[in-house]
Every structure is written in C-alpha cells, then in structure tokens.
Amino acid sequence: MRRGAGGLLSLPLVAYLAAFLAFPMAFALGLAFTDPVTGAFPSLASFRAIGGDALFWRALALNALVPALSVALEVAAALALALLLSERIPGRLLVRAAVVLPFALPEIVFLTILRSVLAPRGYANGLLAALGLPALGFLAPGSPLAVASVIVVDAWRTTPVVFLIVLGALAAIPEEIDDAARLDGARGWRRFRYVTLPLLRPALVAAVLLRGLDALRLFAAPLVLAGVEGVPVLSTYAYHQWSDYGDDAAAAAAAVVLAFLAVAASLPLLRRGVEQAA
Amino acid sequence: MRRGRAAALEGGSSSGDRPQRRAEASAARRGTRRRGGRRWLALALLVWSIAAGGCSSGPRPLTLVLAVLPGELASYREVVSAFEREEGRRVLVVAQQYADIRRALAAEAAAGGGGIDLAELDVYSLAAAARTVRRLDPAGPLAPTIAALEPETVRAGTIDGLRFLPHRISWQALVYDREALGRPPETWEDLVRVARRFPGRIGLKGASYEGCTCDVLPFVWAAGGSGERFDDAGARAAFRLFAEIAPYLAPESATFKESTIAEAMARGEIVLHLNWPFAMKLYRSQGLAPERIRSAALPRGPKGRATVLGGGFLGIPLHAPDPAGAERLLAFLLSRDVQRRLAARLGWFSARRDVSPPAEGGLLAGFEAMKAEVRPRPERADYPLLSRLWQRAFRAVVFGRVPPERALAEAQAAFEQARASREGARP
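Residues numbered from 1 in each chain as written. Chains lettered and ligands numbered in written order. Predicted model: local features only at pLDDT ≥ 70, side-chain atom pairs only at ≥ 80, totals over all residues. Heavy atoms only, no water.

Let us now look at the pairing of strand β5 (residues 173–177) of chain B. Residue and element names in this part refer to chain B. Taken across its 5 residues, β5 has 5 buried, putting it largely inside the fold. Pairing geometry for β5 and strand β6 (residues 272–275), over 4 bridges, is antiparallel. Residue pairing for β6: Tyr176 is matched across the bridge by Leu272. Summarising the sheet, β5 and strand β7 (residues 293–296) pair through 4 bridges and their orientation is antiparallel. Its bridge partner being in β7, Tyr176 is matched across the sheet by Arg294. (Buried < 20%, exposed > 50% of the residue type's maximum accessible area, 1.4 Å probe, protein only. Helix = DSSP H or I, 4+ residues; strand = E, 2+ residues; numbered from the N terminus. Pairing = 2+ DSSP bridges.)

Right, let's get into the confidence of the model for chain A. Do not read the predicted coordinates in detail wherever pLDDT is low. Considering every residue of chain A, the mean pLDDT works out to 90; 97% of them sit at 70 or more. For chain A, helix α8 (residues 175–183) of chain A is the element with the lowest average pLDDT, namely 82, and helix α6 (residues 123–130) of chain A is the one with the highest, namely 96. (pLDDT = per-residue confidence, 0-100.)

Looking now at the pattern of salt bridges. In the structure shown here, the tally under the stated rule is 34 salt bridges over all chains. With its nearest N and O atoms 2.8 Å apart, the salt bridge here joins Glu228(B) to Arg380(B). Taken together, the residues span a long stretch of sequence, with Glu228(B) in the loop between α10 (210–222) and α11 (233–245) and Arg380(B) in the loop between β9 (374–375) and α17 (383–398) at a distance of 152 residues. Glu228(B) sits in the partly exposed class, given a relative accessible area of 33%. Arg352(B) is paired through a salt bridge with Asp354(B); the nearest N and O atoms lie 2.9 Å apart. Given the relative accessible area of 9%, Arg352(B) is considered buried. The exposure class of Asp354(B) is partly exposed, given its relative accessible area of 31%. Through salt bridges with shared partners, a single network forms among Glu74(A), Asp154(A), Arg211(A), Asp214(A) and Arg217(A). (Salt bridge = Lys/Arg side-chain N within 4 Å of Asp/Glu carboxyl O.)

Time to look at the nonpolar core. Within the largest apolar cluster, 129 residues are counted, with the highest numbers of intra-cluster contacts made by Tyr76(B), Phe239(B), Tyr283(B), Leu333(B) and Trp390(B). In this structure, Leu333(B) is in contact with Leu64(B), Tyr76(B), Val80(B), Leu118(B), His167(B), Leu314(B), Val338(B) and Gln339(B), ignoring residues within four places of it in sequence. One finds Leu128(A), Val153(A), Ala221(A) and Val233(A) within the second-largest nonpolar core, a separate group that totals 23 residues. (Core = buried A, V, L, I, M, F, W, Y, C linked by side-chain atoms within 4.5 Å. Contact = heavy atoms within 4.5 Å.)

For sheets, the rule is that strands pair by backbone hydrogen bonds, running either parallel or antiparallel. All names here are of chain B. Strand order in this open sheet of 3 strands is β6-β5-β7, and the pairing throughout is antiparallel. Each edge of the open sheet is held by one strand with a lone partner, namely β6 and β7. For this sheet, the mean inter-axis angle between neighbouring strands, taken without regard to orientation, is 30 degrees. Across the sheet, helix α12 (residues 258–266) lies against β5, β6 and β7, angled at about 150 degrees from β6, the strand it touches most. (Axes fitted to C-alpha atoms, helices over the stretch in contact; angles between N-to-C directions.)

What follows is the structure in structure tokens.
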C-alpha cells in the first residue's frame, strides 16, 4: 500500500523527466542518426558532414582546451582569494561581495559589459593608449589572445562558485589543527602545503568535478565575446548549425558529440570523487 | 451566527433550555448550510464562466505570426485593429523569430493540423518553407493586390506556384562615417582607395551565415555575375576586389553579423559597411545619425549596382484553421492604406508601387537610391547550398588568403558534386 502510494506520488516527477529529459534526448539522438536528405535511419551522414567542416574540429579542440584552462585558473584564483579573505583583514566583507558579484549579475549583462571593455576601441585599449602602449586585439577572431580572453572572462565569472566552496571548507578546518601545526613550527607555505591543502582536498575535488562538467557546456562567453568563428566550441557550433543554417541534424550530431565528451570526461572524475570520498 | 453555533456545540444539560438550544442549533445548521450553499454557488459560477469563456459563441480569432520587434508590436496591433472592427473578430498577433516561425510551420504541416492562420517568413527561408504553405490563386480575390506589387517581389514568393506575398521589403545600402570619409565611395576604385586610407576600418559581414551572402552577391551582380555560378566573369571580378581589400578589412569582419557590425560602427571602429535600414534607425536613436553616420548607394561596379532583396513575406499555412479568413487578412495587410500606415508608423518599405518609401528626413537616402537596383536571391531549391558555398569561398579568399580563382573553382566543383550526390541519394 505504502509502496503503491510512493509510486503514485513519484509519477509527476517521472512524467516530468520523461517529457523534458528522456524525450528530447531520444529525439536528438534520432535526429543526429537520421540522414537529412534521404531520411534513412540509422545513418552517420550528419556526423560525416560535420567531420568535413574545419570549424567543427577547431570547436572540438577548444572544447577541451578552454574548459581545462578556465577551471585551472578559477581553482587557483578561488583558492588564493579564499585564503586571503579567510584572514581578518579590513573590508573583508566588502571584498567578498566584490568577488561574488560577477556570478550574481545576469550572464548576458556581464558578458556584454566585458565585450565593451575588450572591443578594439573598448576601455581596455583606452587604458593601454593612456599608458602609451599599443592596442591589443583582445577579441581578434581566431587569435590566441581571443581564446585567452574567453578563458579569463569565463574563469572570472565562475570563480565565485569555487571560492564559496573553498571558503566554506576553510571555515570548517578546526582551529585546534592550526594551533597544533603552529606549535610544531609549521608556518607559511609549509603549513599551507602539509596542513591546509590536504584538508581542503575533498572540497577542491568537489569543486573541480562540479565546474569541470559545467565548463564543458561553455556557451555564452565564447559566443558573446568572440562569435562562433572567433572562438568556436561545440555548443556554439551546434547553435550555429541550428540558427544560421537551419540544419537541425548537424546541430544534433554536434550536441551528441558534446554529450559523449561530457560523459567520457565525467566517468574518471566521478570515480576519483568516489575514491576521495571513501 | 457565532453565538448560535457555539450554543449548538455546547450541548444541553437542563431540560428547560432544550427547546431554545434546539432552535439555536437548527439556526446554526441553517447558517452553515447557507454558507456551504454560497460556496457551491460561487464554484458553479466559476465553472460556468470558464465554460462560457471556452465555448464563446463569437467567431474564432485569426492567428497571425510575424517577426516584429517588441517596439513595433503596439503600432502593428493598432493597424490590425481596423480589420478586427471590419470583420467583427479578433486577430491574435504573435511576435516570433523567423527561424521559430519556419519550425512551427514545419511542425504543423507534419502534424496535419495547427492553429496558425497567416505567417510571415523572411525571403531566405521561402524556398525551404514552400511546402508548408498553401498555393495562392493569382486570379482570385488577391488579383488586384498582386497587380499593385513590384513584379520582382511577387516572383520571389513564387515557388512551385504563388505561395507568398511581400508584407514588407528591405534591402541593404552602404552605411558610412561622414565625419571620417567626407563622401561615400561611388565606385569600386573609390572603395579600394578608402580601404587603403583606413586600414583595418572597413567592415564586411564575414560570419558564416546568410548575411555574408547578402554582402557578397551585390558585388557579384554589380560585375555582371549571375550569382548562380562561381566561375563566371562577374564572380571572378568581385572576388578579385575582395582579395584586394582583404588586407584592409577589420579583423572582426570574420565574425561580424548585422548587429555586431552596427555596434562596431557606432564605436567608431569601422568607417563603412553594408547594412539594412534598421541600423540607421538605431544610429538615430543613439544620436549618431544623420550627422555622423549616413547611408548611401553601394559603390558602382563594372556593370552597375545591385543589392539583395530582403524582408518578410506572408503565407497561409497548409492546415490553417480558416484559410478564407486568412486570405481576407492578407488582402487587408497588403492594401494601400495599411501599407501606407505601416510605412509611416514603422518605417517599413512597401512592395506596392503606389506606396512611397517612408519619409525619414533623409535618414534612408541611400536605401531610396538603391530601390531600383534590388534583386531577389537566386530562386532555386538548392539555394541554401549555393549560399553556403558563396560564404565559404568569400571566407577562403578574405581570411584564408586563397587566390580568388582557386576558391571559386573549388566552390563550383563542390556545388556540382553536392548536387550530383544529393540527386543520387534522394529516394
């Protein structure tokens, strides 16, 4: 009776997941493996089509590079900020609020502001000119500097997530451990390396897992800042196929590749996370 | 009421009080019943009002889906209200993007039913959506309207029979920085001179999308090319020009689209580009036009000038709930009075020959100058493939520095090969 009631209560959730998760996924898979010309199923025609497009391969390569560097940068920045702001320094709360601000802003607002800053005649080049330095092509399509700009902006926006996780973990370290380390003569770098960092490791692993998977579906930052061809990633490539060419099958094929990449990347990360937790 | 109810709940202990208490209890029950009755009455009224609303006896509203901007919607609804008064029925105006409208039409056609009576699509997607709309009868009630339209625009809507009629038309002109250039380049030679004078500040829409083709075709046509072959003399001349100005183009041209190129011009990063009339209205709203930024005719090529026809065309979906009503709405929207009002209120260009371009105080002078040079894109089922190959060839020459002849020969070969394989693969 109880089990029956539980099943009944979970029906809306099951229906919701079926309608908004299972069905779209199955539909996208069907679309990706259907020949858009002949309608034959299963077919690899759409995968062959995107495989012949140089932009797809650039998108695939950058979909590995940009998230990896972005997550590395934000973990380093978040760790440094959390260590700094866990100390009792003046204006600590204000600085914490400033660190979290990029994440609190709507993404499109944040990115539009940054595009104005990094444009050829934007504020960044204005500052360089004021310093007597030559202008830089921060968003020049296809340039390494544009890739770096996207990485830095994406890391800046999402650093608060990692920062809050690390700050919470830092606050949870018992003071006795710090005191004991101090008594044993561990100070500065040695205390951080042998006491703080090992205790932060579970939180850092969780942050890398969370952000690593999230970063794979990077979309708005490269699209708004550099355009599809400027810094292509798989999600913007799929969007380009869908919106610019109306090619739903090619878009679905690119999305399937991205999903495969996410699953392939998440398995070792998840395994490592489980091991860490154990 | 509260007292009576309390008394009833208390119960009796002395027999002398009993009749009074019974009376009070009875009154309390009546009160409770009355309140319950009121609740039932309110519920019944609610159900009735919902049912009455759902089964309204008035005529069903007509649903019109089109790609108007949020700022244009109120004015457009006001124009449509005259039809509502005439017909005594509502028109639901639904603002959507063209891509979504095309997908909605495809979904309704596949489902064998739907709720859209009249839909607007951009010129680019007419061929792809032709099978999702009904054929219009050119000799029927729409005949006088069709006779008043520019024949080129009617031709653009004719795909295996007349399917679409032009709701509004549009085309590109040159948008230039008057303060920087003084006067706009009038010929291709002038354009090359301007490019050399302003290195890195000439913009073209080079992102891989239809807007790129709209920048390429005017040059191909202005050199006498057909736009349907990559290896004719016109295509070669146009691509030699692209190769000549390529070193002077703004690097962001590789990703420029209509809105981003317009923004770059507003920031002063580029001194000229090709764009649609919306850009001039945007600059006017920012106080940049007509003083600093102006529009002009496109530079003249060896065989004259040309620009690509754009705009929104109306079609009646295959399974429209009320095709006759939709046809009346279509005739109303294309009537002279309505087209004049749309031109005056929204600054739209009409395809009717008896409606003058919108008076915008010289803001759109360049667009007016190009009116006689407007050409529809090649009307063929494989146009999307043709367009993609124009984009690819342009990007190869301009950003990949591939020699024009080689890029065009590769495009022609790819076009022929793709057509052959598609013909072979088609079931």
